[in-house]
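Listed here are the chains, written in short residue letters.
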Amino acid sequence: MANLQLVKASQYLSENGVCDGMKELICKSLKAREFAYCPYSTFRVGAAVVAHDGTVFTGCNVENACYNLGVCAERNAISKAVSEGYRSFKAIAIASDLDEQFISPCGGCRQFMREFGDNWDVYLTKPDGSCEEMTVGELLPLSFGPEDLTKKKVHTIQNEF
């Protein structure tokens, strides 16, 4: 069934003019979804992030009995990339089992993506491969990022350590 879904998604993407690189990224996010460990929510999510050199990292959500210790697919994929030395990304595709709407990242994942810039692409998908494209900045407008830490402040507190 999962392979049939991937074939249908790939066919949909080809018929709708999605470029090969992004088609592959979306298909990898759909495949990553299959590895989700989600016994509590039963809500599978997969993600695939591509660096500027074309290297792709995948991730899935991993839940925990202590609910707040779970890890989202988007943060999992980006953390894998960062652990391999990558800090700049071209795009991320996110997949779930939602059939009637595009998957959308949680607020924490939006902020996590924003850490690595606000001008890279995010593909929100459905199981059939259809997608909606936007940037991180569009997902998280008026965001706070690393550059904000260097801006002039009214009061500076000395670090005593």
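This one's a predicted model, so the numbers in the text were calculated from it and none came from an experiment.

Next up on the list: the UniProt feature "active site" (unreviewed entry) in the protein. Cross-referencing UniProt, the feature "active site" (unreviewed entry) maps to Glu74 in the present numbering. Residue position: Glu74 is located in helix α3 (residues 73–83). Setting aside residues up to four positions removed in sequence, Glu74 forms contacts with Val45, Ala47, Ile92, Ile94, Pro105 and Cys109.

If you look at the biggest cluster of nonpolar residues, it comprises 20 residues, and the most contacted ones within it are Val49, Ile78, Ile92, Met113, Trp120 and Val122. Ignoring sequence-local partners within four residues, the contact set of Trp120 consists of Val49, Ile78, Phe89, Lys90, Ala91, Ile92, Met113, Met134, Thr135 and Val136. One finds Met22, Leu25, Ile26 and Ala91 within the second-largest nonpolar core, a separate group that totals 10 residues.

On inspection of all chains with the given rule, the structure shows six salt bridges. Residues Glu34 and Lys31 are paired through a salt bridge, measuring 3.3 Å at the closest nitrogen-oxygen approach. Overall, the relative accessible area of 32% leaves Lys31 in the partly exposed class. For Lys151, the salt bridge goes to Asp148, with nearest N and O atoms at 2.8 Å.

Scanning the entire structure with this criterion turns up five aromatic pairs. Ring plane angle 45° and centroid distance 5.4 Å describe the contact between Phe89 and Trp120, whose orientation is recorded as tilted. Placement of Phe89 in strand β3 (residues 89–96) and of Trp120 in the loop between α4 (107–114) and β4 (121–125) is noted, with a sequence separation of 31 residues between them. You'll find Phe89 and Trp120 in the same group, each marked buried. Every member of this aromatic cluster is reached through a ring pair, and the members are Phe89, Phe112, Phe116 and Trp120. The ring of Phe102 has Lys126 lying over it, and the distance from NZ or CZ to the ring centre is 4.8 Å.

This part is about the sheet that holds strand β1 (residues 45–51). The five strands lie next to each other as β2-β1-β3-β4-β5, forming an open sheet whose pairing is mixed. On the outer flanks of this sheet lie β2 (56–60) and β5 (131–135), each paired with one strand and no other. Within the sheet, the average angular offset between the axes of one strand and its neighbour, ignoring direction, is 15°. Alignment of β1 against β2, held across five bridges, turns out to be antiparallel.

In this structure, Thr42 is a non-glycine residue whose phi angle is positive, near 50°. Notably, Leu142 is not glycine yet its phi reads approximately 55°, a positive angle.

On to the state of the cysteines, then. The final tally for this structure, using the stated rule, is zero disulfides. As a non-bridged cysteine, Cys106 has Cys109 as the owner of its nearest cysteine sulfur, 3.7 Å distant. Exposure remark for Cys106: the relative accessible area of 35% places this residue in the partly exposed category.

On to the confidence of the model for the protein, then. Mean pLDDT over the protein stands at 89; residues scoring 70 or higher make up 87%. Mean pLDDT values over the elements of the protein span from 53, in helix α1 (residues 2–15), up to 98, in α3.

Before going further, it helps to spend a moment on the environment of Ala77. If you trace the backbone, Ala77 turns up in helix α3. Sequence spacing of Ala77 and Ile92 is 15 residues, and the spatial spacing of their C-alpha atoms is 9.0 Å. Ignoring sequence-local partners within four residues, the contact set of Ala77 consists of Ala47, Val49, Phe57, Thr58 and Gly59.

Thresholds, definitions, all that
Residues numbered from 1 in each chain as written. Predicted model: local features only at pLDDT ≥ 70, side-chain atom pairs only at ≥ 80, totals over all residues. Heavy atoms only, no water. UniProt positions renumbered as here; feature names shortened; annotations may be inferred. Helix = DSSP H or I, 4+ residues; strand = E, 2+ residues; numbered from the N terminus. Contact = heavy atoms within 4.5 Å. Core = buried A, V, L, I, M, F, W, Y, C linked by side-chain atoms within 4.5 Å. Buried < 20%, exposed > 50% of the residue type's maximum accessible area, 1.4 Å probe, protein only. Salt bridge = Lys/Arg side-chain N within 4 Å of Asp/Glu carboxyl O. Phe/Tyr/Trp six-rings, centres within 6.5 Å; stacked < 30°, edge-to-face > 60°. Lys NZ or Arg CZ within 6 Å of the ring centre and 35° of its normal. Pairing = 2+ DSSP bridges. Axes fitted to C-alpha atoms, helices over the stretch in contact; angles between N-to-C directions. Disulfide = S-S within 2.5 Å. pLDDT = per-residue confidence, 0-100.

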